[in-house]
Amino acid sequence: MPGRLWLRLGALLGKLLLLSLVLGLSGWALASIWFAWQHRGPVAAQEQIPADEAARTQDIIQTAVRIVDQHREGTRYLRDAHAKAHGCVRAEVQVLKDLAPELRQGVFANPGQTWQATVRLSNGNAYPQFDSIRDARGMALKLHEVPGRQLMASEAARQEQDFVMFNHPNFFVSDVAEYQQNIAAQADGKKVGAFFPAWDPRTWQVRHLFIALATLAPAPASPTQTTYFSVSPYKFGKANAKFRVMPDPDSCPTYNLPAQNQDLPNFLRSALVQQLSTDRAPACFVLQIQRQDPNRFMPIEDTSIEWKEADAPFETVARVTIPAQDFDTPAQNLACDNQSFNPWFGVEAHRPIGGINRLRKSVYEAVSDYRHSRNAEQ
């Protein structure tokens, strides 16, 4: 009798498991169909600014300043994101000599031209932590002595063009409204709760949670072995485009990085020092653009949507070379910490567009001013 009972119970559990699997697969299929139906072209090629965006931006600035206060290191006030740098290094950016005419825009207008540049490589977290912890990884690329009128009148003397990127092709928030809710939750220590703002399942952002988890990737062997994306779009002459910087080892002498001790808190900096300073080996990348096709689902106001390469391939416009150098000194590290990178440091041909970029203009400026003023008081 007990044996039969267990057999019947096992059969029942097996059926329930099979039913759960069928329901789960059906739900996934329906969700995929719904997502594909909702996210299809054509899309707008012009910006669409919500009426409440300015008010939301001011609230986000206050939250970002609160995060800076929370995460200061001793007496130093750190960035509200990408606080930990692996180093700021000199670089050269050479426009392709045979660049196609339609790609000769802005700083890429003159084939063969070489720009002197600074590259900042970093972890994404607002507080410095061990490199082995899953995190976003960032690259900020600054071209120097760029002629032309700067986008920000207050920064007219800069003569710079910045490209700010991190290691995932899309962002875990769609727009300014969602960013406001997300950063407020994070400031209150509710990391997972940032994607589940209420009990109502309609408010849950499960897809964005998966994007965030994918962004928080295991550490690479070195910051020079990672691909970095602009995530948000920019003008590219009269077109709209996103940027990508990808390793290009074939353009550099063959180099094999010795294994690093990944138990050390700053092993990514050590890897950079090993390659550039100890072994005197340069690092090579390609700088690419992906132009928007408005007939495809490539929106400019939703940074959670990845622009598919099947819809618009990336096109190489320049090569980035980080030469062998010594960069890890107290003076250079302090200068790196004090340097500002902003997608709005640049010229009209590469104007940032879309809600997240409009938000960046206000937040980056406000947080940078606050951080530098507080550090100057120390």
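Residues numbered from 1 in each chain as written. Predicted model: local features only at pLDDT ≥ 70, side-chain atom pairs only at ≥ 80, totals over all residues. Heavy atoms only, no water.

### Some thoughts on a nonpolar patch on the surface
Right, on to step 1. Together, L12, L13, L16 and L19 give the surface a local cluster of nonpolar side chains, amounting to about 370 Å² of exposed area.
Right, on to step 2. You can see L19 is positioned in helix α1 (residues 2–38).
Right, on to step 3. Taking the relative accessible area as the measure of exposure, L19 reaches 45% and is therefore partly exposed. (Patch = residues over 30% accessible without salt bridge, like charges linked within 9 Å, V, L, I, M, F, W, Y side chains within 5 Å. Areas by Shrake-Rupley, 256 points an atom, 1.4 Å probe, with all protein chains shown as cover. Salt bridge = Lys/Arg side-chain N within 4 Å of Asp/Glu carboxyl O. Helix = DSSP H or I, 4+ residues; strand = E, 2+ residues; numbered from the N terminus. Buried < 20%, exposed > 50% of the residue type's maximum accessible area, 1.4 Å probe, protein only.)

### So, the packing of aromatic side chains
The description of an aromatic ring pair uses the distance of the two centres, along with the angle that the planes make with each other.
Right, on to step 1. Enumeration over the complete set of coordinates arrives at ten aromatic pairs.
Right, on to step 2. Considering the side-chain rings of F163 and F243, the 4.8 Å spacing of their centres and the 55 degrees angle between planes classify their relative orientation as tilted. Of this pair, F163 sits in strand β4 (residues 160–166) while F243 sits in strand β7 (residues 239–247), and the two are 80 residues apart along the sequence. Considered together, F163 and F243 belong to a single accessibility category, that of buried residues.
Right, on to step 3. Clustering of aromatic rings is evident, with ring pairs tying together F108, F163, Y234, F236 and F243.
Right, on to step 4. The ring of F341 has K142 sitting right over it, with the charged end atom 4.7 Å from the ring centre.
Right, on to step 5. It is R158 that lies over the ring of F345; its NZ or CZ is 3.9 Å from the centre. (Phe/Tyr/Trp six-rings, centres within 6.5 Å; stacked < 30°, edge-to-face > 60°. Lys NZ or Arg CZ within 6 Å of the ring centre and 35° of its normal.)

### Structural notes on the nonpolar core
Where a protein is soluble and globular, its nonpolar side chains tend to be buried together.
Right, on to step 1. With 38 residues, the main nonpolar core has V93, F108, L141, L143, L287 and V317 as its most contacted residues.
Right, on to step 2. Beyond its immediate chain neighbours, meaning those up to four positions away, F108 contacts V95, L99, L103, F163, F236, F243, L287, V317, A318 and H350.
Right, on to step 3. Judged by nonpolar contacts, the second largest core, of 15 residues, contains F171, V173, V231 and I356. (Core = buried A, V, L, I, M, F, W, Y, C linked by side-chain atoms within 4.5 Å. Contact = heavy atoms within 4.5 Å.)

### Things to note about the state of the cysteines
Right, on to step 1. Within the structure shown, the criterion is met by two disulfides.
Right, on to step 2. By sequence-ordered numbering of the bonded cysteines, the protein chain has its disulfides arranged as 1-4, 2-3. (Disulfide = S-S within 2.5 Å.)

### Describing the pairing of β4
Right, on to step 1. In terms of residue burial, β4 counts as a mostly covered element, since seven of its seven residues are buried.
Right, on to step 2. Here seven bridges tie strand β3 (residues 137–144) to β4, and the two strands are oriented antiparallel to one another. In the sheet register, G138 faces β4, and the bridge partner there is F166. (Pairing = 2+ DSSP bridges.)

### Some thoughts on the environment of Q288
Right, on to step 1. With respect to the helices, strands and loops of the structure, Q288 is situated in strand β8 (residues 283–291).
Right, on to step 2. Look at Q288 and you get buried, because its relative accessible area is 6%.
Right, on to step 3. Once the C-alpha coordinates of Q288 and F314 are considered, the two residues, 26 residues apart in sequence, prove to be 5.9 Å apart.
Right, on to step 4. Ignoring sequence-local partners within four residues, the contact set of Q288 consists of K242, F243, R244, M246, F314, E315, T316 and V317.
Right, on to step 5. Of note is the side chain of Q288, whose polar atom sits 2.7 Å from the side chain of R244.
Right, on to step 6. A polar side-chain atom of Q288 sits 3.0 Å from a polar atom in the side chain of T316. (Polar contact = N/O pair within 3.5 Å; in protein donor to acceptor, adjacent residues only side chain to side chain.)

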